[in-house]
Structure formats: structure tokens, C-alpha cells
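An overview of the molecular structure
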Amino acid sequence: MPTPGHDTHGDVVERGVQDRLIEAGEELFCRRGFNETSVRDIAAVADCNVASVNYYFGGKDNLYLEVWRRRLAFMRETRLASIEKVMSASSRPQLEDLLRSYAASFIEPLVDGSSHCRFINLMAREMIDPHLPKDMYVMEMVAPVLEAFRRALLEICPRLDKENVPMVVFSVVGQLLMHTVFVKGMFEGSSHPELSKIDLDRIINHVVEFSAAGIRRYADGAGR
């Protein structure tokens, strides 16, 4: 409940300005990159004055971090929820259910034409020309999801070697990245019908079946 004299309308207005600046910054960072995007450009797209970037974020660098924090939070919570959904179900969790739920949470936001899909461009730019704190991506997204996925895999496949579980998770993620970012993007609309028809359901089904077979074989001792 607002305290006496608290200007809730002002808070809403401020959040609206900040949201517009973050949206504008993300759009431009994704399209042009960090170095080619100016504070003036961001302010113009957000329909704000130039001083608002410094007022709310302390400059372009902090606005860039805020863009990433918002996206990483979305990615983290979406993937954690996909794992929790399977592991908290009333029936005994199955490996295929875990993989399918996680794969869908990973792929769908990246291929649906939304701003999440656009964010792939910024991820690629950051890999080539980094501007984030060294451990930000790992600490805010990778580590929490890896730990939840690790616990889930060990509950479903208790014979997996604990030391090898991170590599199992990275293998699943590697397939999802390859299919989402490279394979689908490379062959979509190509003149080869058998390649251009690769769709979301086929990608997920393939990753689930391929990974489940490999994980079970690994749990039987082939990876030791």
C-alpha cells in the first residue's frame, strides 16, 4: 500500500520511461551493436530526452547491462519453470518429459519472431565484442539452470556419474543451440526441400529422442 504522500503516478511514469529506454536500447544494440549505438539514438527511439539515459541508468554501459539482466532473467525463469513443471508433477518424472519440456522452453522463444528471437543477434555480438562483466552470463543464467537440470537428471537417472552430468547438460544445450541458431537459420527457405522443412516439433522430437538414448547409454556405463 502506498505511504502517505507517495506519488504512485510518478512511479508509473518513471517505470514507463525506463521500460521505453530498455526496449529502445535492446532494439538498437541488437541491430547495430554496442559501439555503433549512441545515447542520442536510444533517446530518440524511446521518445525521451538524452539526459534520461544518464538519469535512470547512469549511462549507456549500465543501460546495456540492464537489457541483459532482463533477458537473462526471462531465460533463467522460463527454463527453471520447465524443469520444475516436470519434477513437481504427481506422476514419476520421465527422462523424455524433462528433455521435451526443457527443449521447448529453450527453443520456442528463439524461433517465434519475438524480441527474444531478436536477442540472438545481441548474444552473437557479445561473443565477438564483449562488454558484459566476465561472469555475469554464467552467474545469472547458466549456473542456476545447470544446477536445477543436474538435480533433475540425477533424480531420474541416479546411475549417472555426478561428475559427468554437466557435460550431459552441455551436450543437450549444444544440440538446441545448433538446431535453433545455425541449422534452422541456414536452411530455412533453401532450395533443398528436405532441409527447409525442418520445423520446431521435429527439432524438439529429434533432440529428445537422441539425447534420451545417449543419456541412458551413458548411465549404463558407456561414458565411464
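Each chain has its residues counted from 1, following the order in which its sequence is written. Local features in this predicted model are restricted to residues of pLDDT 70 or higher, and side-chain atom pairs are both shown and tallied only at a pLDDT of 80 or more, whereas totals for entire chains, interfaces and linings draw on every residue. The side-chain quantities take in all heavy atoms of the structure and omit both hydrogens and water.

Nonpolar cores are built from buried Ala, Val, Leu, Ile, Met, Phe, Trp, Tyr and Cys residues. Side-chain atoms within 4.5 Å join them into one set. Between buried and exposed lies partly exposed: a residue is buried under 20% and exposed over 50% of the maximum accessible area for its type, with that area taken using a 1.4 Å probe on protein chains only. Within the largest apolar cluster, 61 residues are counted, with the highest numbers of intra-cluster contacts made by Trp-68 and Leu-153. Helix and strand definitions here come from DSSP, where helices need a minimum of 4 consecutive H or I residues and strands a minimum of 2 consecutive E residues; each element is numbered from the N-terminal end. The greatest single-element share of this core, amounting to 10 residues, is contributed by helix H4 (residues 60-87). With residues near it in sequence (within four places) discarded, Leu-153 still touches Leu-95, Leu-98, Leu-160, Val-165, Val-168, Val-169 and Ile-215. Every residue pair with non-hydrogen atoms within 4.5 Å of one another is taken to be in contact.

The next thing to look at is the packing of aromatic side chains. The geometry of an aromatic ring pair is captured by two quantities: the separation of the ring centres and the angle between the planes. When the centres of two rings from Phe, Tyr and Trp lie within 6.5 Å, Trp using its six-membered ring, the rings pair. Their planes under 30 degrees apart give stacked, over 60 give edge-to-face, and anything left gives tilted. A full pass over the atoms with the stated rule returns 9 aromatic pairs. With a centroid separation of 5.0 Å and an interplanar angle of 85 degrees, the aromatic rings of Phe-29 and Tyr-64 are classed as edge-to-face. Of this pair, Phe-29 sits in helix H1 (residues 8-32) while Tyr-64 sits in helix H4, placing them 35 residues apart in sequence. Given the relative accessible area of 0%, Phe-29 is considered buried. Between Tyr-55 and Tyr-56, the aromatic rings sit 4.8 Å apart at their centres with planes inclined by 85 degrees, giving edge-to-face as the arrangement. We classify Tyr-55 as exposed; its relative accessible area is 61%. A relative accessible area of 22% places Tyr-56 in the partly exposed class. Ring-pair connections join several aromatic residues into one group, and the members of that group are Phe-29, Phe-34, Tyr-64, Trp-68, Phe-119 and Tyr-137. Put simply, a charge is over a ring when the Lys NZ or the Arg CZ is close to the ring centre, within 6 Å, and near the line of the ring normal, within 35 degrees. The aromatic ring of Phe-34 is capped on one face by Lys-60, whose charged end is 4.2 Å from the ring centroid.

Another aspect to go through is the pattern of salt bridges. The rule for a salt bridge is simple: a side-chain nitrogen of Lys or Arg has to be within 4 Å of a carboxyl oxygen of Asp or Glu. Evaluation of the coordinates by the stated rule reveals 12 salt bridges. Two residues, Glu-26 and Arg-70, come together in a salt bridge whose shortest N-O distance is 3.4 Å. Of this pair, Glu-26 sits in helix H1 while Arg-70 sits in helix H4, placing them 44 residues apart in sequence. When its relative accessible area of 0% is taken as the criterion, Glu-26 is described as buried. According to the relative accessible area criterion, Arg-70 is partly exposed, its value standing at 28%. Arg-216 is the partner of Glu-96 in a salt bridge, and the nearest nitrogen-oxygen pair spans 2.6 Å. On the criterion of sequence distance, the pair formed by Glu-96 in helix H5 (residues 95-111) and Arg-216 in helix H10 (residues 200-222) is long-range, its members being 120 residues apart. With a relative accessible area of 26%, Glu-96 lands in the partly exposed category. Accessibility expressed as a relative area gives 37% for Arg-216, which makes it partly exposed.

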